[in-house]
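# Geometric and topological summary
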Amino acid sequence: MKASVINQNSENETLIRELYRIAEIQDAKAFVELFAEDGYFWDVSAGTKYYGEDIGKTVEVYATAFPDMHRELYDIYVLEDENTVVVELSLNGTHKGHLQLSSGTIEPTGKTIQVPCCDVFKIENGKVKSFHCYSAGTILMGQLGLF
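Worth saying up front: this structure is predicted, and the values here are computed from it rather than measured.

## Concerning the environment of E60
Positionally, E60 belongs in helix α3 (residues 56–65). When its relative accessible area of 45% is taken as the criterion, E60 is described as partly exposed. Residues E60 and Q100, 40 residues apart in the sequence, show an inter-C-alpha distance of 9.8 Å.

## Re the nonpolar core
With 40 residues, the main nonpolar core has I16, F31, F66, L99, F121 and F131 as its most contacted residues. Looking at which element gives the most residues to this core, the answer is helix α1 (residues 11–24), with 6 residues. Setting aside its immediate chain neighbours within four residues, F66 contacts Q26, G93, T94, H95, L99, I113, L140 and L144.

## Looking at α3
Taking burial as the measure, the 10 residues of α3 include 7 buried ones, the bulk of the element. Taken as a whole, α3 has its buried residues at G56, T58, V59, V61, Y62, A63 and A65.

## Re the side chain of H132
Along the chain, the position of H132 falls in strand β9 (residues 127–135). The class of H132 is buried, set by a relative accessible area of 16%. Among all residues touching H132, those that are not within four sequence positions of it are Y40, W42, C118, D119 and V120.

## Remarks on the state of the cysteines
Evaluation of the coordinates by the stated rule reveals 0 disulfides. This cysteine, C117, is not joined by any disulfide, and C133 carries the nearest cysteine sulfur, 3.6 Å off. Judged by relative accessible area, which is 9%, C133 ranks as buried.

## Thoughts on the pattern of salt bridges
The tally for this structure, following the rule as stated, stands at 7 salt bridges. With its nearest N and O atoms 2.8 Å apart, the salt bridge here joins E18 to R21. One end of the pair, E18, and the other, R21, are both in helix α1, 3 residues apart, so they sit about a helical turn from each other. Given a relative accessible area of 28%, E18 falls into the partly exposed group. Between D54 and K57 there is a salt bridge; the shortest N-O distance is 3.4 Å. The class of K57 is partly exposed, set by a relative accessible area of 41%.

## Thoughts on the pairing of strand β8 (residues 112–124)
Of the two faces of β8, the one holding I113, V115, C117, D119, F121 and I123 is buried and the one holding T112, Q114, P116, C118, V120, K122 and E124 is not buried anywhere. Examined bridge by bridge, strand β5 (residues 84–94) and β8 share 11 bridges and lie antiparallel to one another. The residue of β8 that forms the bridge with V87 is D119. Pairing between β8 and β9: 8 bridges, direction antiparallel. Note that in β9 the partner of E124 across the bridge is K127.

Reading guide: rules and limits
Residues numbered from 1 in each chain as written. Predicted model: local features only at pLDDT ≥ 70, side-chain atom pairs only at ≥ 80, totals over all residues. Heavy atoms only, no water. Helix = DSSP H or I, 4+ residues; strand = E, 2+ residues; numbered from the N terminus. Buried < 20%, exposed > 50% of the residue type's maximum accessible area, 1.4 Å probe, protein only. Core = buried A, V, L, I, M, F, W, Y, C linked by side-chain atoms within 4.5 Å. Contact = heavy atoms within 4.5 Å. Disulfide = S-S within 2.5 Å. Salt bridge = Lys/Arg side-chain N within 4 Å of Asp/Glu carboxyl O. Pairing = 2+ DSSP bridges.

Following this line, the structure appears as structure tokens:
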């Protein structure tokens, strides 16, 4: 499918920008409320899918590990089906807290990260049906000094 940049008037762009805004203020409950009842978040690099209230854990985990976490949005695209939104961004912050991963916990390193990421959203009836987060896990681990 051909991709095109979403214009400022797109309802889907507004929804996704609101999702990122809520993640920035670390409001896990409001984050979950933007998802469809059967929606999910898949953290691809961590190999974990979250459903229901557990979707909010993703906000909490990164807020704990990187209290100054900022998501810098580079480009937002919508596919011709108008229900698929793709965002290129970076995850930026300082590792000041424990990072809980499915493989274990990483102790704070004090190092700064700027991790490339690509997020793919499917939207249905004004809610996020699926959110696939493709963050560069090996770059994250390298920036934390683990490689």
